[in-house]
Amino acid sequence: MSKARCIMIQGTMSGAGKSLLAAALCRIFRQDGFRVAPFKSQNMALNSAVTKDGLEMGRAQVMQAEAAMTDPDVRMNPILLKPSSDTGSQVIVNGEIRGHMSAVDYFRYKKELIPDILKAYHSLAEEYDIIVLEGAGSPAEINLKADDIVNMGMAKMVNAPVLLAGDIDRGGVFAQLYGTVELLEPEERERIEGLIINKFRGDKSILDPGIEMLYEKCRIPITGVIPYVRVDVDDEDSLAPRLEKKSHHKRLDVAVIRLPRLSNFTDFTPLEAHPAIGVRYVRRTEELKSPDLIILPGTKNTMDDLVWLKESGLEALIRKQHAQGIPVLGVCGGYQMLGRYLENPEHTEGDLESLNGLGLLPVRTVFSVEKTRNHKKAEVTAELFAGAKLEGYEIHMGETTAVRDESAGEKASDCVETFCRMEDGRADGWLRKPDSEGGLVIGTYLHGLFDTGELTLRLAEYLAERKGISISDVQPVPHEVYVQQQYDILADAVRSSMDIEELYRIMDKYASD
């Protein structure tokens, strides 16, 4: 069996910065010439992605693989939990749906997944030089420690040294670190090789008294004090700071509806990176105002979130603004909502059997138990943006087809055309041209539609022209170049704040045990 070296980042809480620290180490080790893979045995998130072989994994590990300059692989995240309610989740194992389970049922079941976890990990260890593991939440969640498979339990299974990170930006970082260490078992404490103070702003010397006292109490050294780094890479869903963004100072205003079960909001990261486009997230009618584009994003439960959209008053307001000429884009679940009818005969989307959509596209969606998952290249065929090359993935349940009211003389081609065509020839989505009844409407199942940058540029030009302004003075950085720059900025900040050679010594010590 391979003796690939490994190191694990755990945190004092969710949002302590584990994912970004793991991404930074992935990039640092890659810069140093090693083949690196991220690994998180169990991830709970609505932000998922589809690999090139059509399997589903957590978006955070996709981001870390990108930092490591390697292809995302479902082995990097063998278990993905996608919450479908306050007490239950869809359980995905090795990229395939295993079923829906309540929290209690999953807690009893998860130990059975250890063989899947270890098979994935050891398979990666045969192909890579270094594995950077990430924990989940906190290892000191003592109510969940029994049969742990993601924090100290995972570290023990593969003999990984642990770095424990605390978030000083939230306050109380010394209590976070000390309290977490004290709640661990003695053998777990011994596995922690260093403590990290993350997201620090200011003069590091003011921390010295606290660092000395913490060492006296824990006898674990501070491995690094990491500055608060502003980098634009994909976030985990529920705690992403960008979801709280209510304003910006850019020339074009894009409003994304923050649905209760919002998923895959990383679709819009390339829009945010464009120097002329500002993206903000909207929950209430008074926040919508008069944007240049309204986006209905993906969701884990289209039917329930459509009910919320209606009850919140946002549905009526979106239809009103569309009638006034404001463009509307729907992606995946948002695309389904833009149609006329949504039917749920097998109750895969909750208890409601049917709902009327916003009626902005002449389509019907019928939900089924089968999940569509694929990674595709495509090209926009709709005249307005024709020729724009796309690359992304589909991940949805249900089939959407065109409908028309023939009794009213409606034709399938009236103002509506196919949005794009996949490389296998299959059509996806619809584009409704602006007309006397309202503005541009686009619906598509393709996540990642802005990642190549081509549609981003074309859309920005369209919105600017419609608004009567020029954005010819801005020069967007190609998205792939921009993303790689962000990982390098992150890696530089972490490398300058940690003793990387000490990390190599720690990994060597555990690899030889």
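Quick notes on the rules
Residues numbered from 1 in each chain as written. Predicted model: local features only at pLDDT ≥ 70, side-chain atom pairs only at ≥ 80, totals over all residues. Heavy atoms only, no water. Salt bridge = Lys/Arg side-chain N within 4 Å of Asp/Glu carboxyl O. Helix = DSSP H or I, 4+ residues; strand = E, 2+ residues; numbered from the N terminus. Buried < 20%, exposed > 50% of the residue type's maximum accessible area, 1.4 Å probe, protein only. Phe/Tyr/Trp six-rings, centres within 6.5 Å; stacked < 30°, edge-to-face > 60°. Expected span 1.5 Å × (residues − 1). Arc of directions from axis to C-beta.

So, about the pattern of salt bridges. Counted according to the given criterion, the structure contains 36 salt bridges. Linking Lys199 and Asp167 is a salt bridge whose minimum nitrogen-to-oxygen distance equals 3.4 Å. Of this pair, Lys199 sits in strand β11 (residues 192-200) while Asp167 sits in strand β10 (residues 162-167), and the two are 32 residues apart along the sequence. Among the ionic pairs, Arg261 bridges to Asp305, the shortest N-O distance being 3.0 Å. Placement of the pair is Arg261 in the loop between β13 (252-257) and β14 (262-263) and Asp305 in helix α11 (residues 302-311), with a sequence separation of 44 residues. A relative accessible area of 0% means that Asp305 is categorised as buried. Ionic contacts of the salt-bridge type, sharing partners, join the residues Lys376, Glu394, Asp424 and Arg426 into one network.

Under the criterion given, the structure shown has five aromatic pairs. Both rings, one in Phe34 and one in Tyr504, keep their centres 5.6 Å apart while their planes meet at 45°; by these two values the pair is tilted. Within this pair, whereas Phe34 is found in the loop between α1 (18-31) and β2 (36-39), its partner Tyr504 is found in helix α16 (residues 500-512), the two being separated by 470 residues in sequence. Given a relative accessible area of 23%, Phe34 falls into the partly exposed group. What makes Tyr504 buried here is its relative accessible area of 7%. Summarising the aromatic geometry, the rings of Tyr335 and Tyr445 are spaced 5.0 Å apart at their centres and angled 75° between planes, so their arrangement reads as edge-to-face. Placement of the pair is Tyr335 in helix α13 (residues 333-338) and Tyr445 in the loop between β25 (441-444) and α14 (454-467), with a sequence separation of 110 residues. Judged by its relative accessible area of 4%, Tyr445 falls in the buried class.

Let us now look at α16. Here α16 spans 19 Å end to end across 13 residues, near enough to the 18 Å set by a 1.5 Å rise per residue. The set of residues buried in α16 consists of Ile500, Leu503, Tyr504, Ile506, Met507 and Tyr510. Projection of α16 onto a plane perpendicular to its axis shows the buried side chains occupying an angular sector of 160°, all on one side.

We now examine unusual backbone geometry. Even without glycine at this site, Asn159 takes up a positive phi of about 55°. Summarising the element assignment, Asn159 is placed in the loop between α5 (152-158) and β10. Given the relative accessible area of 25%, Asn159 is considered partly exposed. A positive phi is found at Cys332, a non-glycine position, where the angle reads about 60°. Relative to the helices and strands, Cys332 resides in the loop between β18 (328-331) and α13. Cys332 gets classed as buried once you look at its relative accessible area, which sits at 7%.

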